[in-house]
Structure formats: structure tokens, C-alpha cells
Amino acid sequence: MRKTTLIILQLVIFLSFPLTGDDSFQYGKQVLKIMEDLRPLFPRKENSQNENLLFQYLEDQFDQNQVHFDILDYSRSDKYHSFSKGYRVSVTGRRDDTLMIIVPLNNRNNQNSIRSGSINIAAALQLLRIFSRYTPGLSVDFLFLGAERGTESPYPIGSNIVIENFVPDQCAAVYLDLSAPGDRIIIRKSSGADQSPRWLVESLARYFLSRKLSFTNENIETLVYQSGFEKPPEVIETYHTAEIPMVLLQSRMDPDQNKTDEQWINEFIESILTLILNYSEGFPDEWDRHYLIAKAGDRLISFGEKEAIVFFTLLTAALMLILLIKSRNLHLNLKRFRNHLWTLPLLFFLAFLFLFLSTLIIEELSGMRDYPDFWMRLPLLFLAFKLFLSFFLYSGFLFVVKGIALSPSHHFYTYTAFLSLIISLITVMLFNVSFSFFFLWNLVFISFFMMSRNKILKRIFLILSSLPIALVGLSIFNYPYFNIARFLLTSRVTGNIFFTVIIMPVLMLNSSLNHYIHRFHRHRKSYRNFYSLFITGTVSLILLYRIIILPTFDEETKQPLYLNEKINVGDASRTLSLKSPAPVGNLTLQLDGKDLRLNNVGREAEITAPMISDLLEVSQSRSTFLDRMNLNYIIEAKGSPDQIIIELLSDNPLIIFDSNFPSQSSADGKRIEFHIGVNPELPLNLNFIISRFASPQINILVNYSDFPYQFNISDRSFELHKSLVVTNSIPWI
């Protein structure tokens, strides 16, 4: 009955517009037209002329659709400040439950005019156009937010202001941060300590899957964020901290995409419409934070925490029961396992030792280049080298002992692999059930390995049991998540202990196979370890050669060079710091039209340059009335600074009675910082009122992400990261 109702509702939406002679049901065509309108407004930098033109365009669209909108003025906030603003358009439905569709207005720094993210604004405007003519079951809030892109607190400013002032009691949020139509959609759901509700993630995944939209549900990302090695997107943390169910939809290029942009947009818009229609009766109250959602072909696999625990428990019990039935001499095998249990610490130590030695070799290869992070050139290559080198050393150990086994029974090693994996599975399920997905397949293949008596099948199951680990490593290192890659590749003790736990079951299966072949195929005794030794050794040498010939940097991956300049107007000093992860060598800097030759520069250097006197100018005026003093500072800076930070310092506590910018005082009241938004218009006028008996010092700090003067490096091309800080301290007179 419910499905029939939903179909009728969808038909009402899709067919109502043609009856009135409107072609707005052709979502793709309409959205592409809006994107074309927005193309001249790139880049949409915060507090820029293009951003102001975008504001005017949005207001014109709201007027055309005859919808009421509220302007979110960030400059009036007591906590935050930005010269940007946002818009809130509310569509009241038949229920109070509200879906918030959130759109950042500014583009990301790494985007170009083709992949500028204008699809988010255009798609939201198209959805708004639909609901300006149709009353949905849910209420829908459209939030077009500026000042979302900063990397430091208090960003995302727009979202913080919305959460503090405009969040309904029953709500959920979909944050549109796509790059371009036709991309693979990334459903981001983890904030590290929390996950978006299962019902919201699963619904979107099913709608995308039913329309054959390419998407990925980042289970690996959840694992990485919850491990604490990588920081999740700030915007997800912001909403989850406020207990608001929210998913972040981002995207990356999909070379296999075979849909036209118009078709892709139609199906994406229909997916969001279906989400609104299917929850016309309201949102679920539960927030299932531990679940597993994975795509298997054209089907979606979804387990909640309870179902997953029951499933994994039954599967483990079934595998153990099958093993009991299939196994002969179980009592004898368990007795052998118990008698040789003391060798487990030794086996663990040997595996750790081989990984430790591999880490030392990677460090030596990096030392040869005088580049500690040389592995960052191709993390996956170094991971493969570390693994194959460790397996080579392990195979070499087995070859040297020549059959003198720590345990003569191959069952001991398979039982050890099975037991260690069961312990790992139970442990990770206590933290998050989604982690257990990667151990499950290992458990199944290890069980098949134990049940099989054919050496060829055993080899196949040995390979299959290592595939989940290989796929996880491929996902982590190919993305790449540099912090966790650094931990696994370069951490001598902690990282290698973790690595040992992960690969221990595979090593035990390999040992079991060697002893199994030795026992039942004695005529192959002299070759039992030679094959693995030869293969792992050959692959290790090939990978080593690839690393040795790998250039430290090339035209595709240029050498990073960080240039941090500090100019102190009061001291008339100017220093330029150079920093790079590898030696810089000889280079010529062109500063203010003059050449500055530097020889044999290492990874760090600091030079003194001629002073520039006209970068920062400050004028002030004051007036008093009774016991109050009104101060006015006019700040003029050269070029286009990213941010101006102003603070007052005093020996006695200060009180700001009024100011044209919000301010924050330290705990003792002796330091006050004014909140001034990024990309301020110049000259900047700061006006505030304090006690006439106060005598504060004013510190002004001007940040640039690019130098406001002529600069160039003539020797060779670098990946430049420039910053300039101009400071001035004005004492009280």
C-alpha cells in the first residue's frame, strides 16, 4: 500500500509541470542552464566580487520562484565574523520533521572552472523550484551558506550559525559538496567518534543504486577516521557534535561513467526527491551508529549491529562445527597445539623482527636520498616492498632451518591462524561492527584451508585469505591516507606490532602449507621452501630496483618548497625562511626585481632580505566622553591580505564597551582579540570604546597566502607554498 502511495506521489510531481506547460520536469536541462549562468562567477572566493554577484543571482532566483528567504548576516554574530553571508529558504510541509539541504557557496581551493562545485547550487535551486510548486510531506530547509571553506576554527562559520539558531527539533541534513555532474558520488558518514544514522546512509545508497548512479560508501574511511590517524571533514564533526543526522555527499572523477550530464543530474535529483517522499511520515527516532553497508554488484548488503553480531556468531559457530566434523584425530591435534603453544611468542617475535628489518631498509633508502619521507612519492610501492621483503626473510628462515620446525604438525599453524583471527574479529566488533567486515573473509578462507586436503586448493585459499588485507592496504595507500601510511611504513615498534597482528594468520597458513607438503610429499622436501623463497626474493629485488631508479622529484611530482616570510614593521626586520622535505640545492630568488643567489641550501634555510616599508600603514584617532574613550584605527595594507588579526594587550584587565567587530577576551581580561573575517576590504576601519583610563598596546598581524610584490624562482620549478606575515605593535601614547 505504501509503495503504491509513493508511486502516485512521484507521478504527481513528475507529471504536474507538463500539464501547466512548464518543462521544469527536465531537471538536467534546467540544472545545466543554471550551471552555465554560474560559470562567469568562478572563483567564488569568500568576500569577493564574484561572491557578491552570486548573492544577487540567488536572490533573483528566489524572487522568480516566489519564495521567502532569510538572510544570515554573519557579521552580527557574537562569536564569529565573516564578510560573507548565507540564505535560508524554508518550505513548510505537512509535518514538522525537516530535511536540511545544505550547499556551500564558495568553491574549494583545488577546484577549477569546470569542476567548481556549481552543481550543488544548481541542484538545490532546481529542488527549490519543485517545492515552490508542491507541498511535501516533510518540511525542507534550503541553506545556501558562505564562509564554509576555512580550515581552522571557527569554520564552517555558516554551519555553526545555522546550528545555533535555525535547527528544528526533528531534522536530518544532506550536505551537497559535489564537484561536477557525472562523478562517482562519495557518501561520507563518519566524524571519527560517530557515524551518520544507518537509515539515512542506507536510503541514499539504495536510491543511487536503483538508478545505477556510481557511488561509494566509504567503509575504509570510517576505519581510518575512527583509528584517529586521519582527521575527518570538519563539517561532519560540526553536525554530529550537535546530534544532527547528516551525510556529506562529495565526489571524484569516474572514468567509467557512461551517463550524460543531463541524465546523471536527472537521476541525482530524483534520488533526493525519493528520500523526501519515502520519509513523508517523519524520520526514524533511532540512531544506529554501528552498522555495515556494502555494495555487492547490483545489490546492497546492510547489517545493523545486532544482526551483524548474530550473523558473525552463527557463521563462526557453523565453521567451527564443520571443522569438528571434517577433522580427524581432533583430540590429538589439540594436544599438539597445546604442547607447542609456547612457540607462539617466538613466532610473533620473528614476524615482528622481519617487519622491523624491512622498516630499517626503507629508512636507509630514504637516507640515501636525504629525504625522510621519500616513501610519500609512491606509498603503495613501498608497502609492497615491505611486505614482500618480510615474506622473503620469513621464507629464508624456514629454508635455513631445513625442516627443523618449531612444531612438526601443520595443524598447529592452522589452529593458530584460526584462533588469532577469531580473537581479532571479537576485538574489533567491540569497537565497530563495520571493521569486522574485513576479517570475515579471512576467517572463511582459513576455514576452507583447514578443511582442504589438496595442496593446490590450500595454495588457492592461502592467496584468497590474504586478499582482504591486500584490498584494505590498497584502499588506504592508494587514496592515500598519509598519516596511517606513515604509521605502517615507518613506525619501528608500534606500527610493526600492529602490522604483525594483521599478517600473522597469513604467515601461519604459509608455515602450515610448508609442513603439510613436507609431511605428505616427502619427495618434494628439498623444494618445499625454495619456491616461496625464490618468488618473494625476485619480487623484492624488482621492487627494490624500482625504488632505486625512482626520481626523488619530477615534473609531475615537483619538490615542495615552503617560503614563510616575516616582516616586522616596528623592528624594520625582514626574514625569509625556506623549508623543504629534501635538500634544495642551488637556486636564485627574485625579490622586488633583484636577484638573490643561494648555494647548497639544505632542507631548511633562513635569510635576511631588504626591508619593504610600505606594506602596512596604520592611522589612529581618539575622542573621550566622561570615562569612556572612542578609538578609531584605519589600517591600510598592500595587496590583498587573507586575514587581519588585531589584539589589545594591557597590564590591567580591559573591557570593550562597544566595537564594530566581535571580540573575545582572555580569562584574565588582559588580552582581547577582534574577530575579523577573511579577505577584508581595505582600508579596514576598527572602532571600539574602552575606559579612558586604559592604555593598551595594539598588535596588528596581516596574513598573506601570496606575496604582494614581484617574486620568482628562476632556476627550476617547485611546488611553492608561500606565506607572508606582516606585524606591527603600536604602543599606547
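Residues numbered from 1 in each chain as written. Predicted model: local features only at pLDDT ≥ 70, side-chain atom pairs only at ≥ 80, totals over all residues. Heavy atoms only, no water.

(A) Expanded view of the overall build of the protein chain. Along its length, the protein chain carries 19 helices and 25 strands. Scored against the burial criterion, the 733 residues of the protein chain give a buried share of 52%. Intrachain contacts of the protein chain at a sequence separation of at least 6 include 76% that bridge at least 24 residues. When the accessible area of the protein chain is evaluated, it comes to approximately 34,600 Å², of which 57% is carbon and sulfur surface. (Helix = DSSP H or I, 4+ residues; strand = E, 2+ residues; numbered from the N terminus. Buried < 20%, exposed > 50% of the residue type's maximum accessible area, 1.4 Å probe, protein only. Contact = heavy atoms within 4.5 Å. Areas by Shrake-Rupley, 256 points an atom, 1.4 Å probe, with all protein chains shown as cover.)

(B) Spatial organisation of the packing of helix 6 (residues 198–210) against helix 9 (residues 261–278). Between helix 6 and helix 9, the least distance of the axes is 9 Å, while the angle of their chain directions is 135 degrees. Between helix 6 and helix 9, the crossing angle belongs to the class labelled oblique. The interaxial crossing formed by helix 6 with helix 9 has right-handed handedness. Contact residues: helix 6 offers L200, S203, L204, Y207 and F208, while helix 9 offers F268, S271, I272, T274, L275 and N278. Among the residues making up the contact of helix 6 with helix 9, the classes are represented as seven nonpolar, four polar and no charged. (Axes fitted to C-alpha atoms, helices over the stretch in contact; angles between N-to-C directions. Parallel < 35°, antiparallel > 145°, perpendicular 65-115°, else oblique. Left-handed = near helix turned anticlockwise from the far one by under 90°. Nonpolar A, V, L, I, M, F, W, Y, C, P; charged D, E, K, R; others polar.)

(C) Layout of the pairing of strand 16 (residues 616–625). Bridge analysis of strand 16 against strand 17 (residues 628–637) gives ten bridges, and the strand direction is antiparallel. When the bridges of strand 17 are listed, T624 appears paired with M629. Hairpin connection of strand 16 to strand 17: two residues between the antiparallel strands, including L626 at a positive phi of 55 degrees. (Pairing = 2+ DSSP bridges.)

(D) Spatial organisation of unusual backbone geometry. Cis geometry marks the peptide bond from S153 to P154, where omega comes out at 15 degrees. As for its position among the elements, P154 is in the loop between strand 4 (139–145) and helix 5 (157–165). Look at the link from L682 to P683: it is a cis peptide, with omega at -5 degrees. Here P683 shows up in the loop between strand 21 (671–674) and strand 22 (684–691). The backbone of Q66 sits at a positive phi, close to 55 degrees, despite the residue not being glycine. As for its position among the elements, Q66 is in the loop between helix 3 (49–64) and strand 1 (70–73).

(E) Molecular detail of the pattern of salt bridges. Tallying each qualifying case throughout the model produces 26 salt bridges. Residues E202 and R206 are paired through a salt bridge, measuring 2.8 Å at the closest nitrogen-oxygen approach. A residue pair is termed a helical-turn pair when its members lie 3 or 4 positions apart in one helix, as E202 and R206 do in helix 6 at four residues. Taking the shortest distance from any N to any O, the salt bridge between D373 and R486 comes out at 2.8 Å. Remark: R486 occurs in helix 17 (residues 482–490) and D373 occurs in the loop between helix 12 (343–368) and helix 13 (379–401); sequence separation between them is 113 residues. For R486, a relative accessible area of 30% corresponds to the partly exposed category. Three or more residues joined by partner-sharing salt bridges are found here, namely D70, R88 and D141. (Salt bridge = Lys/Arg side-chain N within 4 Å of Asp/Glu carboxyl O.)

(F) Geometry of the packing of helix 2 (residues 27–38) against helix 4 (residues 118–131). One way to put it is that helix 2 packs onto helix 4 with a least axis distance of 9 Å and a crossing angle of 130 degrees. The pairing of helix 2 with helix 4 is recorded here as oblique in orientation. Relative to helix 4, the crossing made by helix 2 is right-handed. Taking contact as the criterion, the partners of Y27, Q30, V31, I34, M35 and L38 in helix 2 are, on helix 4, S118, I119, I121, A122, A123, L125, Q126, R129 and I130. Counted by class, the contact of helix 2 with helix 4 contains eleven nonpolar, three polar and one charged residues.

(G) Looking closely at the sheet that holds strand 23 (residues 697–704). A sheet is described by the order of its strands in space; here eight strands give the open sequence 15-12-11-25-23-18-21-20, paired in mixed fashion. The sheet terminates laterally at strand 15 (604–608) and strand 20 (663–665), the two strands that pair on one side only. Ignoring strand direction, the axes of neighbouring strands in this sheet form an average angle of 15 degrees. Where strand 11 (residues 560–568) lies against strand 12 (residues 573–579), seven bridges are found, and the strand directions are antiparallel. What sits directly across from L563, in strand 12, is L578.

(H) Seen up close, a nonpolar patch on the surface. Residues F530, Y531, F534 and I535 make up a contiguous nonpolar surface patch of about 420 Å² in total accessible area. Among the structural elements, I535 can be located in helix 19 (residues 530–549). (Patch = residues over 30% accessible without salt bridge, like charges linked within 9 Å, V, L, I, M, F, W, Y side chains within 5 Å.)

(I) Fine view of helix 2. Under the 1.5 Å per step criterion, the end-to-end length of helix 2 is 17 Å for twelve residues, consistent within 8% with the ideal 16 Å. Within the sequence span of helix 2, burial applies to Y27, G28, Q30, V31, I34, M35 and L38. For helix 2, the angular spread of the buried residues around the axis is 165 degrees, confining them to a single face. (Expected span 1.5 Å × (residues − 1). Arc of directions from axis to C-beta.)

(J) Broad picture of the side chain of R188. Tracing the chain through its elements places R188 in strand 6 (residues 184–188). For R188, the side chain forms a polar contact with the side chain of E221, separated by 2.6 Å. A distance of 2.4 Å separates a polar atom in the side chain of R188 from a polar atom in the side chain of Q250. Discounting residues that sit within four places of it in the chain, R188 has contacts with E221, Y225, P233, I236, V247, L248, Q250, R252 and Y479. (Polar contact = N/O pair within 3.5 Å; in protein donor to acceptor, adjacent residues only side chain to side chain.)

(K) Structural detail: the nonpolar core. Core analysis: the largest hydrophobic core is formed by 66 residues, its most contacted members being F142, F144, L249 and F268. It is helix 4 that contributes the most residues to this core, ten residues altogether. Excluding residues within four positions of it along the chain, F144 makes contact with L58, F62, G86, Y87, V103, L105, I121, A124 and L125. One finds L350, F382, L462 and L507 within the second-largest nonpolar core, a separate group that totals 63 residues. (Core = buried A, V, L, I, M, F, W, Y, C linked by side-chain atoms within 4.5 Å.)

(L) Structural view of the confidence of the model for the protein chain. With 89% of its residues at a pLDDT of 70 or more, the protein chain has an overall mean of 84. Taken together, the stretch residues 13–24 has pLDDT below 50 and engages in 22 contacts with residues farther than four places along the chain or on a different chain. The low-confidence segment residues 522–526, where pLDDT is below 50, has five contacts with residues more than four positions distant or belonging to other chains. (pLDDT = per-residue confidence, 0-100.)

(M) Representation of the environment of Y291. Note on placement: Y291 falls in strand 9 (residues 291–296). Note: C-alpha distance between Y291 and E307 (16 residues apart in sequence) is 9.0 Å. At a separation of 2.6 Å, a polar atom in the side chain of Y291 contacts the main-chain carbonyl oxygen of S196.

(N) Main features of the pairing of strand 9. Taken together, the six bridges between strand 9 and strand 10 (residues 299–304) define a ladder with antiparallel strand orientation. Within strand 10, the position partnered with I293 by the bridge is S302. What sits between the antiparallel neighbours strand 9 and strand 10 is a turn of two residues, in which G297 has the positive phi angle 70 degrees.

(O) Layout of the sheet that holds strand 7 (residues 215–217). With mixed pairing, the eight strands of this open sheet are ordered in space as 1-2-4-3-5-8-6-7. With one partner strand each, in any of the chains shown, strand 1 and strand 7 form the two edges of the open sheet. With strand direction ignored, the average angle separating the axes of adjacent strands in the sheet is 20 degrees.

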